[in-house]
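Geometric and topological summary
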Amino acid sequence: MVSLSPSPDRIPSPAVTPEQLETGNSLWHDAWSRLRKNKLAVFGGVTLIVLGLLCGIGPFFTQSYQTQNLDLGATPPSAAHWLGTDTLGRDLFSRILFGGRISILVGLVATFVALAIGVTYGAVSGFFGGKLDAFMMRIVDIMYALPFTIFVILLMVFFGRNIFLLFFAIGAVEWLTMARIVRGQIMTIKKMEYIEAARALGLGKRRIIFRHMIPNILGPIIVYTTLTIPAVMLLEAFLSFLGLGVQPPMSSWGVLIKDGAEKMEEFWWLLVFPGGVFSLTLFSLNFLGDGLRDALDVRSSKD
Amino acid sequence: MLRFTFRRLLQIIPVLWIIITATFFMIRFVPGGPFTAEKAVTPEILRNLEAHYGLDKPLYRQYFDYMGSLLRGDLGPSFKYPNRTVNEIIGDKLPTSLELGFISLAVALVLGITLGTLAAIKRNTWLDYVCSSSAMIGICVPTFVLGPLFVLTFAIHFQWLNASGWYGPSDRILPCLTLGCVYAAYIARLTRGGMLEVLNQDYIRTARAKGAGELRVVFKHAMRGGLLPVISFLGPGIAGILTGSFVIETIFQIPGLGREFVNSAFNRDYTLVLGTVILYATLIVVLNLVVDIVQIWLNPKLKFE
């Protein structure tokens, strides 16, 4: 997985010459300073780090999300239970942290699947060009027109609600745009001298694509990855809301929102807090993605 | 133009064929049939049921039978609703879903284009910030959070509207607003971007120099170019509204096709699932084609690409 915050001393590729290393550095450096000036993007980044830490480490310090207290039942937010408890007396705060783990995990893994498929497909298509490119892009065009959400629903219904299938199914839906972006970028750099040089040195095609081309188009890939994560998390929550995603006793933000929506008439906090945290996460990811796009000056639009 | 339309129309056929075939076989290779849930069915009854619906024939025969009746426009009998055909069920439920979808789309377009245009004209003023940030909020609050929140506020707290159901005109407000808001947000962003790009162009300056009023410049000259990104978003947007209606119909208990689809998938009602998938796929593919054609019609530059 690529690092989401490009650090200034990060070397884009081990195979660049010293001169390129310097321009590479200043590119990331410029981007970093531009990003830091964008208040919303910084807010998004900080929020994500805090949420990630809370969900990652928090559950070790709070009580278990499964601990039931049937005598207690659903209570509104209080000092003992910051965000209240659900109808089984389970602490909502720790349930949100645990659910967040699953939601974030699905977001990252499924995005990684989409990234792997999309980058490879787009790179191959752009690199070889010609008839192969036309054929591969035609397939992408056709797949764009398909009602994929319906297929994901069918997959989840018929093949059991397995979380690994969920990763794969979502990833398999979300790679199309990445493939288009990568293809476009590869087409623009493939005529450049350093690729010519790599060819002249007799490097294999696979090595040229993965060692020389892809590291040089990391910018757009990073940007689009940041924008894919919220789309993926949204799809997961959508499926979980329909009862097709993550299954109990596991829980995700989508599951919590579904539970909350069923019980909101009496217990509003069960809906408002999970919904709020989920929206805040999407908000932060989108702002960070927009900020990164401006910082890295990616010309391609969002679609 | 005609050739393009014709070529794209021909492309629809293999796409739909792949969708139908893939769905057909996917459903059949799944463990559990439509009658497994029924309690205590004796083997004889099960055999009779299967014979009645043609499930005892070899798979390829079932496939050709299905395709044959499909060409005649017959989607077969439902497995779960005895004595009802899929055509009847769809005919019963589709109008509700279409109504929901169309009103939501109208809400999205009106709200989105208005907010986006305002934001573009008043660029970098408080109005722009208000419009742009409400668009961002609209994108980040998913329908299944927004819908229940609307119900909580307007139906339960203020008791202005019904929490669920689909009877009077007032029952349309909350579901259509919920479904429309998300897409209004996307459209507002696209409109703002498109209008900003157009408003900086020479022909707008020319129009202003000729003394055209601001309203005329915006609506007559800038809109046509500025709304192109919105048009190209309509394809995915319509698909999103169609699938989004699954959740909306569940939240507001609307008797539409979306809810029926999710239920039929749970019930393994093969023919009903297939019928709805075919219907949705056709709708989405055809609407995408219409959007493509409209786009080229509005933007002749695309003809050469």
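Quick caveat, the model's predicted, so the values are computed rather than measured.

Helix and strand counts for chain A stand at 12 helices and 0 strands. Its helices and strands taken in sequence order, chain A reads α-α-α-α-α-α-α-α-α-α-α-α from the N to the C terminus. Counting every position in chain A, which comprises 303 residues, the buried fraction comes to 46%.

This part takes up the overall build of chain B. When helices and strands are counted, chain B shows 12 helices and 0 strands. Reading chain B from its N terminus to its C terminus gives the helix and strand order α-α-α-α-α-α-α-α-α-α-α-α. C-alpha extents for chain B along the principal axes are approximately 85 × 55 × 30 Å. Taken over 305 residues, chain B has a buried fraction of 38%. In chain B, 74% of the contacts between residues at least 6 apart in sequence involve partners at least 24 apart.

Here the focus is the interface of chain B and chain A. Taken together, the contacts link 32 residues of chain B with 28 residues of chain A. For the side of chain B that touches chain A, the secondary-structure elements that each account for two or more residues are helix H1 (2-28), helix H5 (126-140), helix H6 (143-157), helix H10 (228-251), helix H11 (257-267) and helix H12 (270-298) of chain B.

Quick look at the packing of helix H4 (residues 86-121) of chain B against H10 of chain B now. To describe two helices that pack against each other, one gives the angle between their axes and the distance between the axes. Residues and elements named next belong to chain B. Two numbers describe how H4 lies on H10: the axes approach to 10 Å, and their chain directions differ by 135°. By the angle between their directions, the pair H4 and H10 is classed as oblique. Judged by the twist between their axes, the crossing of H4 over H10 is right-handed. On H10, the residues that touch Ser97, Leu100, Gly101, Ser104, Leu105 and Ile113 of H4 are Val230, Ile238, Ile241, Leu242, Ser245 and Ile248. Each residue belonging to the contact of H4 with H10 can be placed in one class, and the counts come to 8 nonpolar, 4 polar and no charged.

Another aspect to go through is unusual backbone geometry. All names here are of chain B. Unlike most non-glycine residues, Asn124 shows phi in positive territory, near 60°. Residue placement: Asn124 occurs in the loop between H4 and H5. Under the C-beta neighbour-count criterion, Asn124 is labelled exposed, with 9 such atoms within 10 Å. Its identity as a non-glycine residue notwithstanding, Gln159 has a phi of 55°, on the positive side. When the 9 C-beta atoms within 10 Å are taken as the criterion, Gln159 is described as exposed.

With that out of the way, let us pick up the nonpolar core. In this structure, Ile257 of chain A together with Ile187 of chain B are the most contacted members of the largest nonpolar core, which totals 158 residues. Ignoring sequence-local partners within four residues, the contact set of Ile257 of chain A consists of Ala237, Phe241, Leu271, Pro274, Gly275 and Phe278 of chain A together with Phe144 and Val145 of chain B.

Turning to its location among the elements, Gly275 of chain A is positioned in helix H12 (residues 269-296). Classification of Gly275 of chain A as buried rests on a count of 24 C-beta atoms within 10 Å. Expressed as a C-alpha distance, the spacing of Gly275 of chain A and Gly254 of chain A, which sit 21 residues apart in the sequence, is 8.5 Å. Sequence-distant contacts of Gly275 of chain A, that is, excluding residues within four places in its chain, are made with Ile257 and Gly260 of chain A together with Val145 and Leu149 of chain B.

Another point: the packing of helix H7 (residues 176-189) of chain A against helix H10 (residues 218-241) of chain A. Residue and element names in this part refer to chain A. Interaxial distance between H7 and H10 falls to 10 Å at its minimum, and their mutual angle equals 170°. By the criterion of interaxial angle, the relationship of H7 to H10 is roughly antiparallel. Facing H7, whose interface residues are Thr177, Met178, Ile181, Val182 and Gln185, H10 presents Pro220, Ile221, Tyr224 and Thr228. Grouping the constituent residues of the contact of H7 with H10 by class yields 6 nonpolar, 3 polar and no charged.

So, about helix H7 (residues 170-199) of chain B. A maximum bend of about 30° is found in H7 of chain B at Cys181 of chain B. Among the 30 residues in H7 of chain B, 21 count as buried, and that is most of the element.

All names here are of chain B. As for its position among the elements, Tyr270 is in helix H12. Tyr270 sits in the buried class, given 25 other C-beta atoms within 10 Å. Along the backbone, Tyr270 and Lys210 are 60 residues apart, and their C-alpha atoms lie at a distance of 64 Å.

All names here are of chain A. Across chain A, the average pLDDT comes to 79, with 83% of residues at or above 70. When the criterion is pLDDT under 50, residues 1-11 qualifies, and its contacts beyond four places in sequence or with other chains add up to 18 contacts. Counted against residues more than four places away or in other chains, residues 298-303, with its pLDDT under 50, gives 9 contacts.

On to the confidence of the model for chain B. When pLDDT is averaged along chain B, the result is 84, and 95% of the positions lie at 70 or above. At the level of individual helices and strands, chain B shows its lowest average pLDDT in helix H2 (residues 43-52) of chain B, which scores 76, and its highest in H4 of chain B, which scores 92.

Tracing the backbone through its elements, the reader meets Ile293 of chain B in helix H12. Placed 289 residues apart in sequence, Ile293 of chain B and Phe4 of chain B show a C-alpha to C-alpha distance of 8.5 Å.

Rules used in this analysis
Residues numbered from 1 in each chain as written. Chains lettered and ligands numbered in written order. Predicted model: local features only at pLDDT ≥ 70, side-chain atom pairs only at ≥ 80, totals over all residues. Helix = DSSP H or I, 4+ residues; strand = E, 2+ residues; numbered from the N terminus. Buried ≥ 20, exposed ≤ 12 C-beta atoms within 10 Å, placed from the backbone. Contact = placed C-beta atoms within 7 Å. Axes fitted to C-alpha atoms, helices over the stretch in contact; angles between N-to-C directions. Parallel < 35°, antiparallel > 145°, perpendicular 65-115°, else oblique. Left-handed = near helix turned anticlockwise from the far one by under 90°. Nonpolar A, V, L, I, M, F, W, Y, C, P; charged D, E, K, R; others polar. Core = buried A, V, L, I, M, F, W, Y, C linked by C-beta atoms within 7 Å. Bend = angle between axes of the 7 residues up to and from the residue. pLDDT = per-residue confidence, 0-100.

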